[in-house]
Amino acid sequence: MSVTERLAPRPAAHAPAAPRRALRRQGEASPVAKATVVFVCTLWIIPTLGLLITSFRTKDDANTLGWWTVFTDPASLARFTTSAYGEVTAQANLDQAFVNSFAIALPATFIPLLIAAFAAYAFAFMRFPGRNVLFIVIVSLLVVPNYVALVPILQLYGDFGINGTFPAAWLAHIGFGMSLAIYILRNYMATLPKAVLESARIDGATHFTMFWRLIMPMSVPALASFAIFQFLWVWNDLLVALVFIGPGENQPITVAVQGLMGQQGQGWQLVTAGGFISMVVPILFFLSLQRFFVRGLTAGSVKG
């Protein structure tokens, strides 16, 4: 055999067909997992679909026939109308309720986010006596139901004369959401590379500089995850809004939609139209930040 023949590259041995198929299918979900996902998604979609269909039906159809009859009686599609949406807008004053909901949800989302970010930085990178004990106490507050504090807070607000105002809802949502915010942000910040902070500390950076210029930009996924949680919770909240604000000129959209139904249950078909309108903003907010959602939730689940 010549030198050229010995140095020539040999054809690679072909791997068996079964291992190749196994490599291609590695990471692919099993049929059981796919069926489970489809089943769960169907359970979530069916009520929303019924809500949407009912919002376009006439009052007589909504009161006498189930929404699923549109699939067995296609002729009922010709009776669809948008009158419920116009009636809801006129009766519930949804334009002002939308503004009120934004006035409540935005400060109640970003204020606890900023405060919790400072606290999470301290728990993750600063040394002080009782740090771990204090963190455990804060996290343990997650198991305390919110409604047990409503009466004392309501009495306290009455003493200060802020019942029925936006600050009453802000303070309540900030207090109820602070524990979850600190927990999520601290676990995420603990996974960040400490070498970056050590280099900044050698260069003479202060804690505030490291927090604002290093930690905050790297913590965007966790910040977005909590922002989604908090905004959806505040926007869809009815209990806190009823207790601390109530019906009136400051009522958010949840209270306005709830007021469409009378004491005898009449007008429930209008609630479907109002409820679907109120769903638009949370859906858009979630879709705009969904790429950060999973990253922020899973970053601190392995270490930290």
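Relevant structure appears above.
Rules used in this analysis
Residues numbered from 1 in each chain as written. Predicted model: local features only at pLDDT ≥ 70, side-chain atom pairs only at ≥ 80, totals over all residues. Heavy atoms only, no water. Phe/Tyr/Trp six-rings, centres within 6.5 Å; stacked < 30°, edge-to-face > 60°. Helix = DSSP H or I, 4+ residues; strand = E, 2+ residues; numbered from the N terminus. Buried < 20%, exposed > 50% of the residue type's maximum accessible area, 1.4 Å probe, protein only. Contact = heavy atoms within 4.5 Å. Patch = residues over 30% accessible without salt bridge, like charges linked within 9 Å, V, L, I, M, F, W, Y side chains within 5 Å. Areas by Shrake-Rupley, 256 points an atom, 1.4 Å probe, with all protein chains shown as cover. Salt bridge = Lys/Arg side-chain N within 4 Å of Asp/Glu carboxyl O. Axes fitted to C-alpha atoms, helices over the stretch in contact; angles between N-to-C directions. Nonpolar A, V, L, I, M, F, W, Y, C, P; charged D, E, K, R; others polar.

**So, the packing of aromatic side chains**
Summed over all chains, the structure comprises 18 aromatic pairs. A centroid spacing of 5.8 Å and a plane angle of 25° characterise the contact between F231 and W235, whose relative ring orientation is stacked. Of the two residues, F231 and W235 both sit in helix 13 (residues 220-236), four residues apart, roughly one turn of that helix. Assessed through its relative accessible area of 2%, W235 is described here as buried. Ring centres of F231 and F285 lie 4.2 Å apart, and the angle between their planes is 25°; this geometry places the pair in the stacked category.

**Some words on the side chain of S219**
On the secondary structure map, S219 appears in the loop between helix 12 (207-218) and helix 13. Note on S219: relative accessible area 1%, which makes it buried. If we ignore the near neighbours within four places in the chain, the residues touching S219 are Y188, M189 and L192.

**Comments concerning a nonpolar patch on the surface**
On the surface, F39, V40, L43, W44, I45, L49, W68 and F71 cluster together into a nonpolar patch covering about 940 Å² of accessible area. If you tally residues by element for the nonpolar patch, the top one is helix 3 (residues 31-55), at six residues. Its location among the elements puts I45 in helix 3. The exposed category is assigned to I45, whose relative accessible area is 54%.

**Details of the side chain of T69**
Within the element layout of this structure, T69 appears in helix 5 (residues 69-72). You can call T69 buried: its relative accessible area is 16%. Each residue touching T69, except ones within four places of it in the same chain, is listed here: R57 and S76.

**Quick word on the packing of helix 12 against helix 13**
Two numbers describe how helix 12 lies on helix 13: the axes approach to 5 Å, and their chain directions differ by 65°. Of the residues in helix 13, those in contact with M216, P217 and M218 of helix 12 are V220, P221 and L223. For the contact of helix 12 with helix 13, the class distribution of residues is six nonpolar, no polar and no charged.

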